[in-house]
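Fold and contact review
What follows is the residue order along each chain.
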Amino acid sequence: MCWSGAELTANTNWRSGDDSQRRLAEKASGDWSLGTSVFRDGSILGFQLADVWFSVLLLFQPSGELAIWYVNFEQPYRRTPIGIDTCDHIIDLVFDLDGTHEWKDVDDYAYGRRLGLVTDAQHTEIERAKDQAFAMFEKRTGPFDEKWLSWRRDPAWPLPVLPDNATTVPAVS
């Protein structure tokens, strides 16, 4: 769960309006750094499902109404000593409340594949995951269950704050 004012980590080289292919080239070369940011406008309820090649973000408007379901194709998460790791695989899928959908970042995905950011094996998994996401949406299961349409965070919850060492990657022993 994330809402306005919450701290989060993000690539410090990426700025709104940047050229996405330049950012992908930076990622492929390793020329990027992790920093902190503050989430603005509305809230997000995120679902990371075990052994699944996507996460689902329910994006809520500042008024509290669900705006969209955002399917982020990514490496299945794995727990680490400092949290959860995954890797974004560039392409995304957005479902509107009326059931229509739109693919996001299709050209960037193709470019990322050419750069080697998405391997052939990962691409095969993502293709399977696309079918899985559509099936879940059509059946309204998991994060797409209609019970989440009325879900709201408890206003008494404290604003999440990152620990001081949030951008420090621990040494691997």
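Everything below is about the structure printed above this text.
Bear in mind that the values here come from a model prediction, so they are computed numbers and not experimental data.

Cut-off values and rules
- Residues numbered from 1 in each chain as written.
- Predicted model: local features only at pLDDT ≥ 70, side-chain atom pairs only at ≥ 80, totals over all residues.
- Heavy atoms only, no water.
- Phe/Tyr/Trp six-rings, centres within 6.5 Å; stacked < 30°, edge-to-face > 60°.
- Helix = DSSP H or I, 4+ residues; strand = E, 2+ residues; numbered from the N terminus.
- Lys NZ or Arg CZ within 6 Å of the ring centre and 35° of its normal.
- Buried < 20%, exposed > 50% of the residue type's maximum accessible area, 1.4 Å probe, protein only.
- Arc of directions from axis to C-beta.
- Pairing = 2+ DSSP bridges.
- Contact = heavy atoms within 4.5 Å.
- Axes fitted to C-alpha atoms, helices over the stretch in contact; angles between N-to-C directions.
- Polar contact = N/O pair within 3.5 Å; in protein donor to acceptor, adjacent residues only side chain to side chain.
- Salt bridge = Lys/Arg side-chain N within 4 Å of Asp/Glu carboxyl O.

What describes a pair of aromatic rings is the distance from one ring centre to the other and the angle between the planes of the rings. All told, the structure shown has 12 aromatic pairs when counted by the stated rule. Summarising the aromatic geometry, the rings of Trp3 and Trp157 are spaced 6.3 Å apart at their centres and angled 40 degrees between planes, so their arrangement reads as tilted. Of this pair, Trp3 sits in strand 1 (residues 2–3) while Trp157 sits in the segment after helix 3 (120–139), placing them 154 residues apart in sequence. Measuring from ring centre to ring centre gives 6.1 Å for Trp151 and Trp157, while their planes differ by 45 degrees; the resulting arrangement is tilted. Chaining the aromatic ring pairs together yields one cluster made of Phe54, Trp69, Phe73, Phe95, Trp103, Phe134, Phe137 and Phe144. For Lys130, the ring lying beneath its charged end belongs to Tyr109, and the centroid distance is 6.0 Å.

Ser20, Arg23, Leu24 and Glu26 are the residues of helix 1 (residues 20–29) that are buried. Down the axis, helix 1 shows its buried residues gathered within 160 degrees of arc, on one side only. Once helix 1 ends, the next one or two residues include Gly30, with phi positive near 85 degrees.

What follows covers the sheet that holds strand 4 (residues 43–48). Taken together, the six strands give an open sheet; going across it, the order is 1-4-5-6-9-10, and neighbouring strands pair in antiparallel fashion. What marks the edges here is a single partner per strand, and that holds for strand 1 and strand 10 (101–104). Note that strand 5 (residues 54–60) and strand 6 (residues 66–74) share seven bridges and pair antiparallel. Directly across from Leu58, in strand 6, lies its bridge partner Trp69. Of the strands in this sheet, strand 5, strand 6, strand 9 (88–96) and strand 10 are in contact with helix 3, which crosses strand 9 at around 15 degrees.

This part covers the side chain of Ser55. In this structure, Ser55 sits in strand 5. Reaching out from Ser55, the side chain makes a polar contact with the side chain of Glu74 at a distance of 3.3 Å. Excluding residues that lie within four positions of it along the chain, Ser55 makes contacts with Phe47, Gln48, Tyr70, Val71, Asn72 and Glu74.

Turning our attention to the pattern of salt bridges. Inspection of every chain in the model, using the stated rule, returns six salt bridges. Between Arg152 and Glu65 there is a salt bridge, with its nearest N and O atoms 3.7 Å apart. Here the residue Arg152 occupies a position in the segment after helix 3, and Glu65 occupies one in the loop between strand 5 and strand 6, the gap between them amounting to 87 residues. Among the residues examined, Arg152 registers a relative accessible area of 39% and is labelled partly exposed. Lys130 is the partner of Glu127 in a salt bridge, and the nearest nitrogen-oxygen pair spans 2.8 Å. Here Glu127 pairs with Lys130, and both are found in helix 3, just three residues apart, close to one helical turn. On the basis of relative accessible area, Lys130 is assigned to the buried category, the value being 14%.

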